[in-house]
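Each chain, letter by letter, is given below.
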Amino acid sequence: MIRLTVMYQVFALILGYSTFSRAVPAPQSITVNIQGRILEPAPCIITGTGDKGVISVDFGNNVKTNQIDGTQYRMPVSYSINCSAQYTNSMMLIVVGTVAGFGDGNLQTTVTDLGIALTDGTTAFPVNSFLNFNYPVLPQLYATLVKRPGATLKGQVFSAIND
């Protein structure tokens, strides 16, 4: 199970600031514009197609360790997001998990030197980073098995579970 979180992007702007200088006879003022991002959890429900709505990706029982090359075992991540009373369609998605320690933010698995690379289509989507999207068009997420360069894997059961 991978925890997904959807957040709104709310923008805050414009702060006026006045200053007076003793060296200049007439008062002068400047306007300072400050822009930032305030993240607010969206009133959304994220569900997967797995048991009890859990988002799960099943790579099956026929994964060959010598064929894990970062492209061979690519599976879609099936999920849905339903939001009520959102303030904007501009949202952010984050996958929270433990980074494998190799590659570009790969999700750690229970097997040393084996990770899961997440992508939005063909663009890397590192674990613990935000992905911008416009609701209700959801990112097309994929999970691909990857191994540490030069590693030799042994056949065994694996998982990547984050609560």
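Residues numbered from 1 in each chain as written. Predicted model: local features only at pLDDT ≥ 70, side-chain atom pairs only at ≥ 80, totals over all residues. Heavy atoms only, no water.

**Comments concerning the overall build of the protein**
Put simply, the test is: Helix and strand definitions here come from DSSP, where helices need a minimum of 4 consecutive H or I residues and strands a minimum of 2 consecutive E residues; each element is numbered from the N-terminal end. Here, two residues are considered to be in contact whenever any of their heavy atoms come within 4.5 Å of each other. Residue exposure ignores everything except the shown protein chains as possible cover, and the areas themselves are Shrake-Rupley values with a 1.4 Å probe.
Scanning the protein from N- to C-terminus turns up zero helices and 13 strands. If you list the helices and strands of the protein from N to C, you get β-β-β-β-β-β-β-β-β-β-β-β-β. Here the analysis covers contacts within the protein between residues at least 6 apart in sequence; of these, 72% occur between residues at least 24 apart. Surface exposure of the protein reaches about 10300 Å², of which carbon and sulfur atoms provide 52%.

**A look at the layout of surface pockets**
Heads up, the condition is: Cavity and pocket criteria rest on a 1 Å grid covering protein atoms alone: a 1.4 Å probe that fits but cannot get out defines a cavity, protein on both sides within 12 Å along at least 5 of 7 lines defines an open pocket, and an atom within 4 Å of a point defines a lining residue. Grid points are joined across faces, edges and corners, and a volume is the space filled by probe spheres set on the points. Charged residues are taken to be Asp, Glu, Lys and Arg, nonpolar residues to be Ala, Val, Leu, Ile, Met, Phe, Trp, Tyr, Cys and Pro, and polar residues to be all remaining types, Gly included.
In this structure, the largest pocket spans a volume of roughly 550 Å³. Lining the largest pocket are 27 residues; nearest its centre among them are Val57, Phe59, Phe158, Ser159 and Ala160. Of all the elements, strand β10 (residues 114-120) adds the most residues to the lining of the largest pocket, at three residues. Among the residues making up the lining of the largest pocket, the classes are represented as 17 nonpolar, eight polar and two charged.

**Some words on the environment of Gln140**
Along the chain, Gln140 turns up in the loop between β12 (130-134) and β13 (141-147). Between the C-alpha atoms of Gln140 and Tyr79, which are 61 residues apart in sequence, the distance is 9.4 Å. Leave out the neighbours within four places in its chain, and Gln140 touches Thr119, Asp120 and Gly121.

**Notes on the pairing of strand β8 (residues 90-96)**
We apply this condition: Relative accessible area decides the class of each residue, using a 1.4 Å probe on protein chains only: under 20% of the type maximum gives buried, over 50% gives exposed, and in between gives partly exposed. Following DSSP output, two strands are said to pair if at least two bridges run between them.
Most of β8 sits inside the fold, with five of its seven residues counted as buried. Taken together, the five bridges between β8 and β12 define a ladder with antiparallel strand orientation. Across the sheet, the residue bridging to Leu93 is Leu131, located in β12.

**Structural notes on the packing of aromatic side chains**
Selection criterion: The pairing test for Phe, Tyr and Trp rings, Trp by its six-membered ring, is centres within 6.5 Å, and the orientation test on the planes gives stacked under 30 degrees, edge-to-face over 60, and tilted for anything in between. By definition here, charges over rings are those cases where NZ of Lys or CZ of Arg is within 6 Å of the ring centre and within 35 degrees of the ring normal.
All chains considered together, the criterion is met by one aromatic pair. Here Phe59 and Phe158 contribute two aromatic rings whose centre-to-centre distance is 6.1 Å and whose plane-to-plane angle is 40°, an arrangement assigned as tilted. Taken as a pair, Phe59 in the loop between β5 (44-48) and β6 (74-76) and Phe158 in the segment after β13 lie far apart in primary sequence, 99 residues in all. In this structure, Arg74 packs its charged tip against the face of Tyr142, placed 3.7 Å from the ring centre.

**Comments concerning the environment of Asp69**
Operational definition: Residues adjacent in sequence count toward polar contacts only when both atoms are side-chain atoms; beyond that, a polar contact is any pair of N or O atoms within 3.5 Å, and within protein one must be able to donate a hydrogen and the other to accept it.
Checked against the element boundaries, Asp69 lands in the loop between β5 and β6. Separated by 75 residues in the primary sequence, Asp69 and Thr144 have C-alpha atoms spaced 9.0 Å apart. A polar contact is formed between the side chain of Asp69 and the backbone nitrogen of Thr71, at a distance of 2.9 Å.

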